[in-house]
Structures are given as C-alpha cells and as structure tokens.
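A structural walkthrough
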Amino acid sequence: MWGRTRGWAVRRSRMAVVAAFVASVAACTTSTPPTTPEPAPTTASPTPLPSWSAGSKDRLPPVPPSWPLTGRVDEIEPRPALSIKVENHAAARPQSGLEDADVVWEELVEGGLTRFNAVYHSVVPDVVGPIRSVRPMDAAISGPYGGLLVFSGGQEQYIDMVRDVGLQLIIDDDEDPGFFRSTDRVIPHNLYGSGADFLDQADDDHSEPPDRQLRFAEDLATASAVAGGAAASRLDLSFPSTSPGWEWAPAGDGAWRREEFGLPQSSADGDPLLAVNVVVLRVQVVMTGARDAAGAPVPETILEGEGPALLATGGKVVEGSWAKEGALEPLRLLGEDGEDLLLAPGNTWIELVPVEDGAVSYR
C-alpha cells in the first residue's frame, strides 16, 4: 500500500446518389403528327467533398511536432535515443548530465544501492557520468527506445541481453570512443563521456528517433494527476540501502526536486535535479544467481507483466497500474478506468521500487 490509507488500484483493463427522371409526351390526333423524342435519362452530379486546401475554413488544424520522450512541442532533431548507465554510489555524487535527460530510470543493483539508466534525446549532454556497467533489466528499459546504450562493461550474459534486443552498444571495455577518466575522482567512480561523441558513432540501423512511449497531455492542467489526483507535497521512497525522495517545489522550479536521505541533490554544475513527472512502479526483484566483482549477488528487476503504479505531476498524485508485455514493448501507465494516464510535457523520472524490501509513501 501507499503511505495513505488507500489501497492500490490495479485495473486495466468503432456516392453516389443516382436520380433518374423519365418523361414521355404523346399527342393523339386523327392525323399522323410528328413525334417528340423521349429525353435521355440523366444522372445527378455527385456532391463535391469539402475542400482541404490551404486556407480552407474546413481544414483540420495541423498537429504540432513534439519530442517523443517529453511531449514538448518543438522541431525534432533526427537523432536516436542515447541511453547511458550512470552510477549513484555516494562517491559518484554529484553526477554530471542527469539534469539533461528526458527520462531517468532508477534501478536496484547489488548491495541494495541504486543505479540510473539515463535516456537522452531532446538534449545532447556535454558530459555524462560517472558511467558504470550494464545490468540484466537494462534490456527491458532501453529496448523500446532503440538507439544506443552506453556503459563501462559488464558480465557477458547481460551484454548479450542488451545486444539481443537490437541496441547498438558503446562500451568502454571495448575501447569505443567517447569515454575519458576524470582526475578529480578515483576508479571506478571517474569514468565519463561526451554525448556528442557517442551519437557520432550511431550506425545506419540506429539513427532514427525513438517511438513515443508514455502518453502526454497537451499541457500541465490536463495531465491526469493534476486533473484528478490528490494533493501531495513530497514522495518518500525506500530501497534496501538508500532512501531517495521528491519534494514539490512550486514557487521556484514548478517541479519535483530530488533528495537523497533528505538532502537536496544537484548536478556537478550546481543545477538541481528536477522532474516534471515522477513515476513509481512497484516491481518484483529476483536474484540472478550471478555475483559482481566484489562477490555480491546481482538482482534483476522484472519488467514484464503488470503491477501497482503511482504518477506524480504538478503537486498531485494519482494511483493506477503499470503494464509491459515484453522487453521491446513500451511501458504503459493505466488509471483505475483502464485508460492511459497522461503525463505533463517535460522530463520524467521512473522509480523501480521493489515490492519486498522497498516502500513508497506520499503526503
């Protein structure tokens, strides 16, 4: 359950008109009069269709272009999505580039800590990092976006998983271009990269923009949480070894501001980490049987099936459910009526909170 006395709501749940006129005229006389020929049948002209030419008052308004991962109206740059694995260990903070991501997924990794899968499209980050290794759930997270996945390395079985969903992989262990080490931090917390350098490596099969994923409202006022949700000033989340939170900041930022253990988080450049939308998914986590280099068991978040969800936008929250049919299928957020929940145009953070050993509350 959420931190309120409300239960989870998990439900999911179509020319021609032909007129003929025949007339005949006959005259009866005692003499043989000239005859009048019968007129040929006539067919009415079809009713003309409305004109859709430019300037017609009947023309439907054009749909303005918008970025597929944020819903923001603007001209779209013809580039692919760029997913990058970013560390969230205390030694990795403050991170670089998280403030530029369209979508950030927070996933559970070894030791009860979390790691980010940051997805870039509308903004190309100058510097991103620290960059770390791939995990088994990254195939289901990044698969629907297509494009590129950037990471430091990882176990071969997990590298195969992300390759098998069709992503182009850029890996520091393979000496791919774009990575560099910072002298300000120690290994392994000092690997960074350039977004532009990574995108320059996109091949012909991975150069198209991503498909639309989550559904967006036209504006903040018509977003599902704002239109029909409950007021909330903060969200408190719990993973086994970390406790992130989100504080509603209406005056200065008009967005949710991220916290770690109650402390506001900023980027390495000093920009606060903000989210227009915060999505919380309650998920099952299983142990893979593998261990990392330090011997810790490697967990996997199951991102197939369905479960409870919460959407926070504009200082309000709405409860619902999530559904995902497979690694390449996009995530869906559903309301109690089974219809798609609508996010406000802007960036989104998605929190993958375990059903066991995790907690979520709002107030």
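Residues numbered from 1 in each chain as written. Predicted model: local features only at pLDDT ≥ 70, side-chain atom pairs only at ≥ 80, totals over all residues. Heavy atoms only, no water.

**What about the overall build of the protein chain?**
This is how it is decided: Only DSSP runs of H or I covering at least 4 residues are called helices, and only runs of E covering at least 2 are called strands; the numbering of each starts at the N terminus. Surface accessibility in these figures is a Shrake-Rupley result with a 1.4 Å probe; residues are shielded only by whichever protein chains are displayed.
A tally of helices and strands in the protein chain yields four helices and 21 strands. In the structure as shown, the protein chain presents an accessible area of about 18000 Å², 52% of it carried by carbon and sulfur atoms.

**Some details on the nonpolar core**
In globular proteins that are soluble, nonpolar side chains generally tend to be buried together. Applied cut-off: Residues belong to a common nonpolar core when they are buried Ala, Val, Leu, Ile, Met, Phe, Trp, Tyr or Cys residues joined through side-chain atoms within 4.5 Å. A simple rule labels every residue: compare its accessible area, found with a 1.4 Å probe on the protein chains alone, to the largest value its type can have, and call it buried under 20%, exposed over 50%, or partly exposed in between. Should any heavy atoms of two residues lie within 4.5 Å, those residues are considered in contact.
Residues Ile84 and Leu235 are the most contacted members of the largest nonpolar core, which totals 37 residues. Residues in contact with leucine 235, not counting those within four places in the same chain, are Gly245, Trp246, Trp256, Val278, Leu310, Ala312, Val317, Ser361 and Tyr362. Core analysis: the second largest hydrophobic core is formed by 27 residues, Ala81, Leu281, Leu303 and Leu352 among them.

**Quick look at the pattern of salt bridges**
What counts, and what does not: The rule for a salt bridge is simple: a side-chain nitrogen of Lys or Arg has to be within 4 Å of a carboxyl oxygen of Asp or Glu.
Taken as a whole and assessed by the stated rule, the structure comprises 16 salt bridges. Residue arginine 93 pairs with glutamate 260 through a salt bridge whose shortest N-O separation is 3.7 Å. Linking arginine 93 in the loop between strand 1 (82–87) and strand 2 (103–108) with glutamate 260 in strand 11 (residues 255–260), this pair joins segments that are 167 residues apart in sequence. Arginine 93 gets classed as partly exposed once you look at its relative accessible area, which sits at 22%.

**Description of unusual backbone geometry**
A cis amide bond links arginine 93 with the next residue in sequence, proline 94, at an omega value of -5°. Topologically, proline 94 is positioned in the loop between strand 1 and strand 2. Between isoleucine 187 and the following residue, proline 188, the backbone shows a cis peptide bond with an omega angle of 10°. Here proline 188 is to be found in the loop between strand 6 (179–181) and strand 7 (191–193). Positive phi, normally seen in glycine, also occurs at phenylalanine 261, with a value near 50°. When you line up the elements, phenylalanine 261 lands in the loop between strand 11 and strand 12 (263–264). Not every positive phi belongs to a glycine, and aspartate 357 is a case in point at roughly 65°. A relative accessible area of 61% means that aspartate 357 is categorised as exposed.

**Quick notes on helix 2 (residues 156–164)**
Which entries qualify depends on this criterion: What the arc describes is the spread of directions from the helix axis to the C-beta atoms.
What helix 2 keeps buried is the set Tyr158, Ile159 and Val162. Down the axis of helix 2, the buried side of the element spans an arc of 105°, and every buried residue falls inside it. Glycine 166, located one to two residues past helix 2, shows a positive phi value of around 95°.

**Side note on the pairing of strand 5 (residues 168–171)**
Which entries qualify depends on this criterion: Here, any two strands with at least 2 DSSP bridges between them count as paired. Note on handedness: a clockwise path from strand one over the helix to strand two, with the strands aimed away from the viewer, defines a right-handed crossover.
Here strand 5 shows a buried face lined by Gln168 and Ile170 and a second buried face lined by Leu169 and Ile171. Inspection of the sheet shows strand 4 (residues 148–151) paired to strand 5 by four bridges, in the parallel sense. Looking across to strand 5, one finds that leucine 149 is bridged to leucine 169. Taken together, strand 4, helix 2 and strand 5 constitute a β-α-β crossover, and its handedness is right-handed.

**As for the confidence of the model for the protein chain**
Going by this rule: Confidence scores labelled pLDDT are given residue by residue by the predictor and lie between 0 and 100.
Predicted confidence across the protein chain gives a mean pLDDT of 88, with 83% of residues reaching 70 or more. Every residue in residues 4–37 scores below 50 in pLDDT, and together they form 47 contacts with partners more than four places removed in sequence or on other chains. Low confidence marks residues 39–57, where pLDDT is under 50. Its contacts with residues over four positions away, or in another chain, come to 19 contacts.

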